[in-house]
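Here is how the chains run, residue by residue.
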Amino acid sequence: MATAKAHTNIALVKYWGKRDQDLILPHTDSLSLTLDEFYTTTTVEFDDQIDADAVSINGEPLSGKAYDKVAKFMDLVREMSGKTEFARVTSENYVPTAAGLASSASAFAALAGAASKAAGMELSRRDLSRLARRGSGSATRSIFGGLVEWQRGVDDATSFAEPIEEEVDFGIEMLAILVDTKEKKVSSRFGMQQSVETSPYYKLWPEIVADDMVAMKRAIEDRDVDAMGQIAESNALRMHALTLSAQPGFTYFDADTLAAMDEVKALRENGVSCYFTMDAGPNVKVIYDKKDRQVIYDALAQKFGADRIVVSKPGPGIEIWD
């Protein structure tokens, strides 16, 4: 038996599209910030008395496609480790599921850590990153804390994440506006593939990401939170332009998403440095320097309610214990 705790990450430069659906190999590199406020804790116990994996999240048994995804991942762990027993998988998820808050990143990173340890494997963090990737692409980055780069690689062995700066020593923070925590209608996996296959602009996306990766790394080196925010906001809007230009077009935004984006722009116009980013979901994340936290928090709490605002600092990498 083993337990692992992993935190979500939000991509500042996004990958949005896989070239291999089974191995989950992305078309581009990506770069993210691990967050301290959202995380998953998972315990895995192999048991020769059960005839199928038993999976629960927040006390509720998992079923359907979500269960199948976990069982497939556990099959991979059994194949790698030589273990034959099924397992009891118990997760506590402190992230709204499938709401664009990277719940699958923390979930599969924690599962990779707990399952591999319980199966007797002692994986390096690089190999743990590769394993987590097989459950969810963004999970490859949640093995590490702070600022993390996922290298697209050319195959399974070379596609993994590495930390850029795990102990972030400058002021970047991220605030989440919980616009809607219900499960989204279009899954990330389907949305990505639809964009890859049908958006006429997708062929430009790898070039955009390559340029943004260079600029983002330079901004990190310079400790320039403003530049990081500008790059992240532009990258996010271009990613969402791919969903709008797919056939048929779709969007993860709702009216409150647009209102939140407008509020961030209004703060900026009034001299407060802050920038937005969104993943595959309606919830908006705001990037800023911690010195401006209170004025940003007060403005957004007044507009959306304090109960819908969550402030996150850079978070830690995975923890695993017996």
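Relevant structure appears above.
Residues numbered from 1 in each chain as written. Predicted model: local features only at pLDDT ≥ 70, side-chain atom pairs only at ≥ 80, totals over all residues. Heavy atoms only, no water.

## Some thoughts on the packing of helix H1 (residues 64–81) against helix H2 (residues 103–118)
Relative orientation of the contacting elements H1 and H2 amounts to 35°, with a least axis distance of 11 Å. Relative to H2, H1 is oriented so that their crossing is right-handed. Here Lys69, Val70, Phe73, Met74 and Val77 of H1 lie close against H2, whose contacting residues are Phe108, Leu111, Ala112, Ala115 and Ser116. Taken together, the residues of the contact of H1 with H2 break down into 8 nonpolar, 1 polar and 1 charged. (Axes fitted to C-alpha atoms, helices over the stretch in contact; angles between N-to-C directions. Helix = DSSP H or I, 4+ residues; strand = E, 2+ residues; numbered from the N terminus. Left-handed = near helix turned anticlockwise from the far one by under 90°. Contact = heavy atoms within 4.5 Å. Nonpolar A, V, L, I, M, F, W, Y, C, P; charged D, E, K, R; others polar.)

## Some details on unusual backbone geometry
Generally, phi is negative for residues other than glycine and the peptide bonds are trans, each holding for most cases. Going from Gln247 to Pro248, the amide bond is cis rather than trans, its omega being 0°. Mapping Pro248 onto the fold places it in the loop between helix H6 (225–244) and helix H7 (255–269). In this structure, Asn58 is a non-glycine residue whose phi angle is positive, near 50°. By secondary structure assignment, the location of Asn58 is in the loop between strand S5 (54–57) and strand S6 (60–61).

## Things to note about the environment of Ala210
Examined against the element boundaries, Ala210 turns out to sit in helix H5 (residues 205–221). When the C-alpha atoms of Ala210 and Val13 are compared, they prove to be 9.4 Å apart, with 197 residues separating the residues in sequence.

## Here we look at a negative patch on the surface
On the surface, Glu221, Asp222, Asp224 and Asp226 cluster together to form a negatively charged patch. You can see Asp224 is positioned in the loop between H5 and H6. Residue Asp224 is classed as partly exposed on the basis of its relative accessible area of 33%. (Patch = residues over 30% accessible without salt bridge, like charges linked within 9 Å, V, L, I, M, F, W, Y side chains within 5 Å. Areas by Shrake-Rupley, 256 points an atom, 1.4 Å probe, with all protein chains shown as cover. Salt bridge = Lys/Arg side-chain N within 4 Å of Asp/Glu carboxyl O. Lys, Arg positive; Asp, Glu negative; His and termini not counted. Charge placed at Lys NZ, Arg CZ, Asp CG, Glu CD. Buried < 20%, exposed > 50% of the residue type's maximum accessible area, 1.4 Å probe, protein only.)

Fair warning: the whole summary comes from geometry, so function is off the table for now.
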